[in-house]
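# Notes for the structure review
Listed below are the residues making up each chain.
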Amino acid sequence: MIKKQNTYDAIVVGSGITGGWAAKELCEKGLKTLVLERGRNVNHVIDYQTTNMAPWDFIHRGRETQDDIENQPIQSTTYAFNEGTKQFFVNDKENPYSTPKDKPFRWIRGYQVGGRSLIWGRQSYRLGVIDFEANAREGIEIDWPIRYKDIAPWYDYVESFAGISGQAEGLPQLPDGVFQPPMEMYCVEKKVKDAIEKNWSDRMLTIGRTANLTRPLHGRGACQYRDLCNRGCPYGAYFSSNSSTLPAANATGNLTLRPNSIAVTLIFDEKTGKASGIRILDSETSETIEYFAKVIFLCASTLGTTWLLLHSKSQYFPDGFGNSSGVLGHYLMDHHFQVYSIAEFDDLDDNYYYGSRPNGIYVPRFRNIKEKHPDFLRGYGMQGGGYRVGWGYGNDQTGFGASFKNSLMSPGPWRMNLHAFGECLPYYDNKVELNPNVTDKWGLPTLTIICEFKENEYAMRKDMAQTTYEMLESAGGKNVETHYGPDIPGFGIHEMGTARMGKDPKTSVLNKYNQMHDAVNVFVTDGSCMTSSACQNPSLTYMALTTRAANYAVDQLKKGNL
Amino acid sequence: MDRREAIKRTSRIMGIAISSSVITAIMEGCTIKNDINWIPSFLTKDQAILVGQVAERILPSTDTPGALDVGVDAFIDVMLRDCYKKAQQEIFLSGVRELEEISQASFEKSFADCDHKHQDTLLKKLENDSETWKKDGKSSERPFFLIVKELTLLGYFTSEEIMKNHLEYNPIPGRFDGCIPMDKNQKLRVGN
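Scoring rules and cut-offs
Residues numbered from 1 in each chain as written. Chains lettered and ligands numbered in written order. Predicted model: local features only at pLDDT ≥ 70, side-chain atom pairs only at ≥ 80, totals over all residues. Heavy atoms only, no water. Helix = DSSP H or I, 4+ residues; strand = E, 2+ residues; numbered from the N terminus. Rg over C-alpha atoms; globule rule 2.2 N^0.38 Å. Buried < 20%, exposed > 50% of the residue type's maximum accessible area, 1.4 Å probe, protein only. Contact = heavy atoms within 4.5 Å. Areas by Shrake-Rupley, 256 points an atom, 1.4 Å probe, with all protein chains shown as cover. Buried area = accessible area lost by both parts, 1.4 Å probe. Salt bridge = Lys/Arg side-chain N within 4 Å of Asp/Glu carboxyl O. Polar contact = N/O pair within 3.5 Å; in protein donor to acceptor, adjacent residues only side chain to side chain. Axes fitted to C-alpha atoms, helices over the stretch in contact; angles between N-to-C directions. Parallel < 35°, antiparallel > 145°, perpendicular 65-115°, else oblique. Nonpolar A, V, L, I, M, F, W, Y, C, P; charged D, E, K, R; others polar. Pairing = 2+ DSSP bridges. Expected span 1.5 Å × (residues − 1).

## What about the overall build of chain A?
- Of regular secondary structure, chain A possesses 11 helices and 18 strands.
- For 562 residues, the compact-globule formula gives about 24 Å, and the C-alpha radius of gyration of chain A, at 23 Å, lands near that figure.
- Counting only C-alpha atoms and orienting by the principal axes, one finds that chain A spans roughly 75 × 55 × 45 Å.
- Across the 562 residues in chain A, those meeting the buried criterion constitute 64%.
- Partitioning the contacts of chain A with sequence separation of at least 6, the portion at a separation of at least 24 is 73%.
- Per element, the accessible surface of chain A, about 20200 Å² overall, is 49% carbon and sulfur.

Put into structure tokens, the structure is as follows:
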């Protein structure tokens, strides 16, 4: 009886960017779907408690306290963390992980309904033809089992529903999508764009492609240019599971959302060779409950899903669920960045802007497109943008007193920065392992993360420093400063690759439909499926892969193949 | 806007009706140097008075409000208590102590009792020292002067009075124009 009550057509683990999409697709195709989310519920709008707060409403005017840093020592280092957003980042003390002393990794997480889709950067780029061919062409690790043409219609599909604003440019390495009208550039960005395109035939600059609506869509409002996205948007103007996919799933009547549900193990049925369900721990009551379904989607984030698979050991799967290949947990990648240049522009003081744009600019990859670079494989894109500094720049200025005060009440000088984000190659020894010696708040084993950037990334970083500098300088930027620091993996918050797709079950975990080689009714569609990292922000690709896999799964289910 | 007008506006925002005699009393209150009308939770009363005087010299009252008019001293006290590591708190407190010492050594007066000219002379010295710290690669903890300056700017420019009445505050712009001509007297545009 209980088993019957706890049986659904489909179970989705995770409610972030990919879990939301899986839920929407499966529910809309008529499957009774249970979404398990380990964190608390976050209702759209109702639970965005800080969204309309003014700076003076915050005791610390936005700054994190020592208590915050004590509880969230890793989370508080990321750019989006502040007094208005800290509720959407995990407590690091309750959710520990380990790294070797000489290989730090910053794991940024949001355990709640909506996951990190509430706090993501929203930059949305397609991978191109060359990205899916790169491994095969260069003999690096294994080939992707799909090509751009396989995923292109699914990019169209997710862009149409999510709402991506951007400018079509006709570049093969950064394919155009279904775009809402682009946001405008600042004067300084137009100036830098003109200079770049005049000086280099293979480089260009475009407005960021972002999951912020510039026109209303599907009952969601257009952006009001407050630039406070990470507090949750009361207009639903940026794409999140909470604003977009979960309401769509819920509207079908087929969705059951269960927050506070930590998926602990996949249950394997040796008779059928499939997963029969999932065992969860209720994070509030510590009760263990089993749920059953015909098809299971793992969308718990790259390392969350990998942890669940590694933790689901059985006689049949002694090294982790679906890990007959032995590659589960290996090939962890993240984009490397923290190489950037900033310039001042002193000839634009008569220009200003109105509104706060939650978006920057993008310089598409230009390395290793036509000519081979002598020092490294693959390439990088650049994000960044212009800004007219406000009173905060008074901290960099010498001076105090009446005229100092008055000067800070007017707009300051224009600046522009370019941050490069580079592709990371897949390496077997960049990996995660289960660590039984360190347990979390619920007594569960945790992850040890061992990851570092290597020669190809370091060679690329030298070039990133050079090109960000020369492009700003070519536009007449003054006092160009280049930051070329070390980078810590994880900080890109684009961790991926630990349950990769491939053609051969001996060297990959998933097939070309994100379906497990070892258990055909289990699909993994978060970042762990990635065979290579490309250099573009990956979430849009995860969305497209999820919808493609979900529609395939429903089709297979109907045919009786799952 | 003069300070009388500023107080009126602030009281309107707070929903309090204030008579002109009360305003006079508040304004006189603001000019009494050696007292505060709030209870510090991190600093001692004497330290709070000195820090308030420093903040007021960084952003003094002119035809627009000064740091003390918008309660920057009490804000600094809370920030020091909640947002700074022990080592940074200690640097701050020894900075306060040293400022008092050089004030006594230079002018035989407490910093809070010095006139503005002398206060500025002392702060200029601290600022010069902080320039050296910047040039030396910022290797040690941030010096007292830069902490107090940073907190003064933050407390002042994010206060309701300054944002609403002295900058161009718009919490919901509703549209975005990226590249438009600017008026000479344009105030800084700010939102939430």
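## Details of the interface of chain A and chain B
- Listed as interface residues are 53 residues of chain A and, on the opposing side, 60 residues of chain B.
- Counting the surface lost from both chain A and chain B, the interface buries some 4900 Å², and carbon and sulfur atoms represent 60% of this.
- Taken as a group, A:Tyr354, A:Phe400 and A:Met409 account for 19% of the area that chain A buries against chain B, more than any other trio of residues on that side.
- If you look at where chain A meets chain B, you find one salt bridge.
- For B:Glu150, the salt bridge goes to A:Arg63, with nearest N and O atoms at 3.5 Å.
- At the boundary of chain A with chain B, the tally comes to 27 residue pairs in polar contact (both at pLDDT 80 or more).
- Those elements that place two or more of their residues in the side of chain A that touches chain B are helix H6 (187-199), strand E11 (351-354) and helix H9 (402-408) of chain A.
- Per element, the largest residue contribution to the side of chain A that touches chain B is five residues, and it comes from H9(A).

## With respect to the packing of H6(A) against helix H10 (residues 455-474) of chain A
Residues and elements named next belong to chain A.
- Where H6 contacts H10, the axes come no closer than 8 Å and their chain directions differ by 110 degrees. On the basis of the axis angle, H6 is roughly perpendicular to H10. Residues Val-192, Ala-195, Ile-196 and Asn-199 of H6 lie in contact with H10, whose contacting residues are Met-471, Leu-472 and Ser-474.
- Of the residues that constitute the contact of H6 with H10, the class distribution is five nonpolar, two polar and no charged.

## What about the pairing of strand E9 (residues 288-298) of chain A?
Residue and element names in this part refer to chain A.
- By the criterion of burial, E9 is predominantly enclosed, with eight of the 11 residues buried.
- Where strand E1 (residues 7-13) lies against E9, six bridges are found, and the strand directions are parallel. The partner of Thr-7 across the bridge, within E9, is Phe-292.
- Where strand E8 (residues 274-282) lies against E9, five bridges are found, and the strand directions are antiparallel. When the bridges of E9 are listed, Ile-280 appears paired with Ile-289.
- Bridge analysis of E9 against strand E18 (residues 522-524) gives three bridges, and the strand direction is parallel. By the bridge assignment for E18, Leu-298 is matched with Val-524.

## Re H10(A)
Residues and elements named next belong to chain A.
- For H10, with 20 residues, the first-to-last C-alpha span of 29 Å sits near the 28 Å given by 1.5 Å per residue.
- For H10, the set of buried residues is Asn-456, Glu-457, Met-460, Arg-461, Asp-463, Met-464, Ala-465, Thr-467, Thr-468, Glu-470, Met-471 and Leu-472.
- With its phi angle positive at about 90 degrees, Gly-476 sits one or two positions after the end of H10.

## Describing the pattern of salt bridges
All names here are of chain A.
- Applying the stated criterion across every chain yields a total of 48 salt bridges over all chains.
- Close ionic contact of Lys-503 with Asp-143 constitutes a salt bridge, the shortest N to O distance being 2.7 Å. Taken together, the residues Lys-503 in the loop between strand E17 (478-484) and E18 and Asp-143 in the loop between helix H4 (129-138) and helix H5 (148-162) connect sequence positions 360 residues apart.
- Classification of Asp-143 by relative accessible area gives buried; the value is 16%.
- Residues Asp-282 and Arg-258 are paired through a salt bridge, measuring 3.1 Å at the closest nitrogen-oxygen approach. Taken together, the positions of Asp-282 in strand E8 and Arg-258 in strand E6 (residues 255-258) put the pair 24 residues apart, joining distant regions of the chain. Here Asp-282 and Arg-258 have matching classes, each one buried.
- Overlapping salt bridges, with partners in common, bring together Lys-103, Asp-429, Glu-452 and Lys-454 in one network.

Interpretation in functional terms is not warranted from these geometric data alone.
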